[in-house]
Amino acid sequence: MKIKKAVIPAAGFGTRMLPATKTVPKEMLPLLDKPVIQYIIEEAVAAGIEDILIITNRAKSAMDDYFDYHPELEERLYRDGKLKEREAIRHAADMANIFYVRQKETRGLGHAIWRAKDFIGQDPFAVLLGDDIMRAEVPVTKQLIDAAEKYNASCVGTQKVADDAVGRYSSLQISPLEKTVYKVTDMNEKPTPEEKFSNFAILGRYVLTPGIFDILENTPPGKGGEIQLTDGLRTLCQREPVVAKEFAGRRYDTGNLCGFLEATLELALDHPETKDFMQSYLRQNRLEG
Ligand code: G1P
């Protein structure tokens, strides 16, 4: 099973980041010098993905502009000798073959993924949720692909979350297959403490077989009145093998203010242009505070 295609759902309103997201797509908010979506695409590419479908909506055209060439700006940067900047904007446009389809109505994550049916065809594919930025030695998508290939199964990315966080995610019913891979037998979306299966939550990464599309087509609205990918996966794991990979790496939820800030600070502590500044800023303020 060779996985070369990925789907990035990016059709949400970004209500947790208003007012900024009133006119700027949340995927285009900058984490240092790159928009959030670029980190997601870089992870996919590092995992061997070549073709990427972004599920957008009518308010997201800044995203397709970003992954296009900008000849006038490139020419200007070239003339001014700003070759590094020119290279950076070219790189963003050339990273992968990027395609777009609109989710014409906001009907949930399951419905957004279903929009990828024609693009995917018969191949297994990766899904990367746009809010979840991962920092890992081995790209998290690659860790999932390896587990999916080994078990010839769909795979969801998981980590254990705190009791008070379980209700924000999909909670998994699992049994161990090996150290960090589990067989998935059930799951539920945003459970109450009484409903939860475990503290293993799905965190933003999936490898799915095309079997999911027929299921999603017939999945009724669930939590929040939306067609939930989790409800589709619940059926999928009764029909086909589904495993969960407890991935190594750190995940940031950039869809909310604190997660966004956390990602920004940690990236700034690593970025060659900001790390010295950040370190001395933090040191000084600690000393003075
Ligand atoms: C979505 C999914 C949920 C998953 C979560 C984190 O929720 O519906 O199952 O656990 O992403 O990846 P959202 O964050 O969009 O509410």
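Going by the structure above, here's the rest.
Read on for a plain summary of the structure. (Residues numbered from 1 in each chain as written. Predicted model: local features only at pLDDT ≥ 70, side-chain atom pairs only at ≥ 80, totals over all residues. Heavy atoms only, no water.)

### Things to note about the overall build of the chain
So, point 1. Assigned secondary structure in the chain consists of eleven helices and 13 strands.
So, point 2. Relative to the compact-globule value of 19 Å for 289 residues, the chain shows a C-alpha radius of gyration of 20 Å, a close match.
So, point 3. Dimensions along the principal axes, computed over C-alpha positions, put the chain at roughly 60 × 50 × 35 Å.
So, point 4. Split into buried and exposed, the 289 residues of the chain put 48% on the buried side.
So, point 5. Split by element, the accessible area of the chain, about 14900 Å² in all, is 51% carbon and sulfur.
So, point 6. A distance of 1 Å separates the average location of the 39 positive side-chain charges in the chain from that of its 44 negative side-chain charges. (Helix = DSSP H or I, 4+ residues; strand = E, 2+ residues; numbered from the N terminus. Rg over C-alpha atoms; globule rule 2.2 N^0.38 Å. Buried < 20%, exposed > 50% of the residue type's maximum accessible area, 1.4 Å probe, protein only. Areas by Shrake-Rupley, 256 points an atom, 1.4 Å probe, with all protein chains shown as cover. Lys, Arg positive; Asp, Glu negative; His and termini not counted. Charge placed at Lys NZ, Arg CZ, Asp CG, Glu CD.)

### A few points about the side chain of lysine 245
So, point 1. Its location among the elements puts lysine 245 in strand β12 (residues 242–246).
So, point 2. Despite its burial, lysine 245 pairs with no opposite charge; the closest candidate is glutamate 178, at 6.0 Å N-O.
So, point 3. Apart from the residues lying within four places of it in its own chain, the contact partners of lysine 245 are Gln143, Leu144, Ala147, Cys155, Val156, Gly157, Thr158, Thr180 and Val181. (Salt bridge = Lys/Arg side-chain N within 4 Å of Asp/Glu carboxyl O. Contact = heavy atoms within 4.5 Å.)

### Some thoughts on the packing of aromatic side chains
So, point 1. Going through the model one piece at a time under the given rule, you end up with five aromatic pairs.
So, point 2. Seen in terms of ring centroids, phenylalanine 99 and phenylalanine 119 are 5.4 Å apart; in terms of plane orientation they differ by 50 degrees. Their pairing is tilted. Here the residue phenylalanine 99 occupies a position in strand β5 (residues 97–102), and phenylalanine 119 occupies one in helix α6 (residues 117–120), the gap between them amounting to 20 residues.
So, point 3. Exposure remark for phenylalanine 119: the relative accessible area of 19% places this residue in the buried category.
So, point 4. An angle of 45 degrees between the planes, with centres 5.1 Å apart, marks the rings of tyrosine 182 and phenylalanine 200 as tilted. With tyrosine 182 in strand β10 (residues 181–189) and phenylalanine 200 in strand β11 (residues 200–208), this pair connects stretches of sequence that are 18 residues apart. Both residues of the pair, tyrosine 182 and phenylalanine 200, count as buried.
So, point 5. The ring of phenylalanine 119 carries lysine 5 above its face, with NZ or CZ at 5.2 Å from the centroid.
So, point 6. A cation sits over an aromatic face here: arginine 90 above tyrosine 69, 3.5 Å from the ring centre. (Phe/Tyr/Trp six-rings, centres within 6.5 Å; stacked < 30°, edge-to-face > 60°. Lys NZ or Arg CZ within 6 Å of the ring centre and 35° of its normal.)

### Details of a nonpolar patch on the surface
So, point 1. A surface patch of nonpolar side chains, about 310 Å² in accessible area, is lined by Phe277, Tyr281 and Leu282.
So, point 2. On the basis of relative accessible area, tyrosine 281 is assigned to the partly exposed category, the value being 43%. (Patch = residues over 30% accessible without salt bridge, like charges linked within 9 Å, V, L, I, M, F, W, Y side chains within 5 Å.)

### A few points about the pattern of salt bridges
So, point 1. Under the definition given, this model contains 25 salt bridges.
So, point 2. The structure contains a network of salt bridges with shared partners spanning Arg16, Lys26, Asp131 and Asp253.

### What to know about the site of the ligand
So, point 1. Inspection of the region around the ligand gives Leu109, Leu129, Asp132, Tyr169, Ser170, Glu189, Lys190, Ile202, Leu203, Gly204, Gln228 and Thr230 as its neighbouring residues.
So, point 2. Glutamate 189 places a side-chain nitrogen or oxygen 2.6 Å from an oxygen atom of the ligand.
So, point 3. When the free accessible area of the ligand is taken as 390 Å², the share hidden by the protein chains comes to 79%.
So, point 4. If you tally residues by element for the shell around the ligand, the top one is β11, at three residues.
So, point 5. Of the residues assigned to the shell around the ligand, the class counts are five nonpolar, four polar and three charged. (Near = heavy atom within 4 Å. Polar contact = N/O pair within 3.5 Å; in protein donor to acceptor, adjacent residues only side chain to side chain. Nonpolar A, V, L, I, M, F, W, Y, C, P; charged D, E, K, R; others polar.)

### Structural notes on the nonpolar core
So, point 1. The biggest cluster of nonpolar side chains holds 48 residues, and the ones touching the most others in it are Leu31, Ile37, Ile41, Ile49, Ile52, Ile54 and Phe67.
So, point 2. For this core, the secondary-structure elements that each account for two or more residues are β1 (5–9), α1 (36–46), β4 (51–56), β6 (125–128), β7 (132–135), α7 (140–151), β11 and α10 (257–268).
So, point 3. Not counting residues up to four positions away in its chain, the partners in contact with isoleucine 54 are Ile8, Ala10, Ile37, Ile41, Met63, Phe67, Ile98, Phe99, Tyr100 and Val101.
So, point 4. In terms of nonpolar packing, the next biggest core, distinct from the first, is built from 31 residues, Ile113, Val156, Leu172 and Leu208 among them. (Core = buried A, V, L, I, M, F, W, Y, C linked by side-chain atoms within 4.5 Å.)

### With respect to the packing of helix α3 (residues 71–79) against helix α4 (residues 83–94)
Between two packed helices, both the angle of their axes relative to each other and the distance between the axes serve to describe the pair.
So, point 1. It is the contact of α3 with α4, at a shortest axis distance of 8 Å, that shows an interaxial angle of 155 degrees. Put simply, α3 runs roughly antiparallel to α4. In this structure, α3 crosses over α4, and the sense of that crossing is left-handed. Facing Leu73, Glu74, Leu77 and Tyr78 of α3, the residues of α4 in contact are Leu83, Glu85, Arg86, Ile89 and Arg90. (Axes fitted to C-alpha atoms, helices over the stretch in contact; angles between N-to-C directions. Parallel < 35°, antiparallel > 145°, perpendicular 65-115°, else oblique. Left-handed = near helix turned anticlockwise from the far one by under 90°.)

### Some remarks on unusual backbone geometry
So, point 1. Between leucine 18 and the following residue, proline 19, the backbone shows a cis peptide bond with an omega angle of 10 degrees.
So, point 2. Turning to its location among the elements, proline 19 is positioned in the loop between β1 and β2 (30–31).
So, point 3. Positive phi is not limited to glycine here, since leucine 32 has a value of about 55 degrees.
So, point 4. Among the structural elements, leucine 32 can be located in the loop between β2 and β3 (34–35).
So, point 5. Exposure remark for leucine 32: the relative accessible area of 28% places this residue in the partly exposed category.
So, point 6. With a phi close to 45 degrees, lysine 190 is a non-glycine residue in the positive phi region.
So, point 7. Considering the arrangement of structural elements, one finds lysine 190 in the loop between β10 and β11.

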